[in-house]
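# Notes for the structure review
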Amino acid sequence: MSRFPAYLSKEKEDELRQIALAIVAKGKGILAADESTGTIGKRFDKIQVENTEPNRRAYRQLLFTSGKQMSEAISGVILFQETLYQNTDDGTPFVKVLKDNGIIPGIKVDKGTVNLAGTLDECTTQGLDKLADRCAEYKKQGCGFAKWRCVLKIGPHTPSYLAMLENANVLARYAMICQQNGLVPIVEPEVLPDGDHDLETAQKVTEQVLAFVYKALSDHHIFLEGTLLKPNMVTAGQSCSKKYTPEQIAIATVTALRRTVPAAVPGITFLSGGQSEEEASVNLNAINRVSGVKPWALSFSFGRALQASVLNCWKGQTESVKAAQQEFLKRAKANGLACQGLYDGGSTGAAGGESLFVKDHKY
């Protein structure tokens, strides 16, 4: 037996690599539509729409049936389990609608955060039990990738060594289970923007967290070419009195990634982390304009920053569907340009520059 056994077949490695590369194709990124029932309910409350299964289905249908123009900037969509099995009004499965438009369906597989004992209010993410069975089922249903989110908090004594180690290992175990079942794992170690820390602190903590993550991925024999990273952009805490330019945020972000993320990773799909729609696009654009070596595609996996204007426009009204779809396509196009460094700003939607920050955000 070889000292270095193959944990994946060459055929499976090739499949995973191809899916990952397709997701981060030039000018494209991910729509994160994987909000849990509780989270989408909070979004609906703001527009006075009742949180029912028919309303959730109608809203996701609005997004997924925006037309072939959607695929010009969206390569993948992260679904919530309920959404994976839903259909359009004419009975067409959402998964088929996406695939027919050249968009890869993905699935959120974690079961949310729980307190991590022995820490100062830090957390880890649950959901590893029976994950292999669920991944096999999701692959059968047509998914090509999965997502798992872990959360780290910046404070005087956090994130702790224990929290960084535990969350890194959880992400690595999830990643291997996904790969063995033919799903590209999106690894999401989010450093929350809560707090008054400055940009320099955010950068150092992000570097620490990513270093733990990639050590764990190596320890667990993860095939990096068949993964994607979904990190936070490096931004100062929401309560920080000092304001930073997109260029400063971009340099801090790219520096942290250069120091920690192997070149074998095909792409980095940033979360928006409570930034306004316009902030997220402008910062993504600045990141792509940073000079020097950037061996990975730098793209997006936005939820709130792609949907805030859509929700404000739709408000549960059938007659507003077309206008809401145009808002979605506008934001998708803006981010498609931003991940090429070609966005000049000014594509403000119905949500304007509204901050999308939610304290201690949970999906």
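Keep in mind that this is a model prediction, so the values were computed, not measured. (Residues numbered from 1 in each chain as written. Predicted model: local features only at pLDDT ≥ 70, side-chain atom pairs only at ≥ 80, totals over all residues. Heavy atoms only, no water.)

### Section: the layout of surface pockets
- Taken as a whole, the largest pocket spans an internal volume of roughly 460 Å³.
- T235, A236, Q238, I249 and E279 are, among the 27 residues lining the largest pocket, the residues nearest its centre.
- Contributing elements (two or more residues each) for the lining of the largest pocket: β7 (184–191), α8 (199–219) and α10 (277–289).
- Here the lining of the largest pocket is composed, by residue class, of 12 nonpolar, 11 polar and four charged. (1 Å grid on protein atoms, 1.4 Å probe; cavity = no way out; pocket = protein on both sides within 12 Å on 5 of 7 lines; lining within 4 Å. Points joined across faces, edges and corners; volume = space filled by probe spheres on them. Helix = DSSP H or I, 4+ residues; strand = E, 2+ residues; numbered from the N terminus. Nonpolar A, V, L, I, M, F, W, Y, C, P; charged D, E, K, R; others polar.)

### Here we look at the confidence of the model for the protein chain
- The share of residues in the protein chain with pLDDT of 70 or more is 95%, and the mean pLDDT across the chain is 95.
- The weakest mean pLDDT in the protein chain belongs to helix α2 (residues 37–46) at 96; the strongest belongs to strand β8 (residues 228–229) at 99. (pLDDT = per-residue confidence, 0-100.)

### A short note on helix α7 (residues 161–180)
- Its 20 residues give α7 an end-to-end C-alpha distance of 29 Å, which sits within 8% of 28 Å, the value for a rise of 1.5 Å per residue.
- Where α7 terminates, the next one or two residues include G182, which has phi positive at roughly 80°. (Expected span 1.5 Å × (residues − 1).)

### A short note on the packing of aromatic side chains
- A full pass over the atoms with the stated rule returns seven aromatic pairs.
- When the ring of F64 is compared with that of F94, the centres are 5.2 Å apart and the planes differ by 85°; the resulting orientation is edge-to-face. Here F64, found in helix α3 (residues 53–64), pairs with F94, found in helix α5 (residues 94–100); they are 30 residues apart in sequence, far enough to count as distant.
- Owing to a relative accessible area of 1%, F64 belongs among the buried residues under this scheme. (Phe/Tyr/Trp six-rings, centres within 6.5 Å; stacked < 30°, edge-to-face > 60°. Buried < 20%, exposed > 50% of the residue type's maximum accessible area, 1.4 Å probe, protein only.)

### Let's talk about the pairing of strand β6 (residues 145–152)
- Where burial is concerned, most of β6 is hidden: eight out of the eight residues are buried.
- Of the two faces of β6, both are covered, the one formed by F145, K147, R149 and V151 as well as the one formed by A146, W148, C150 and L152.
- Relative to β6, strand β3 (residues 104–108) is paired through three bridges, and the arrangement is parallel. Residue G106 lies in a different strand from β6, and its bridge partner there is F145.
- In this sheet, β7 lies alongside β6 in parallel orientation, the contact comprising eight bridges. Counted as the bridge partner of C150 is P189 from β7.
- Viewed along the sheet, the connection from β6 through α7 into β7 turns out right-handed. (Pairing = 2+ DSSP bridges. Right-handed = clockwise from strand over helix to strand, strands pointing away.)

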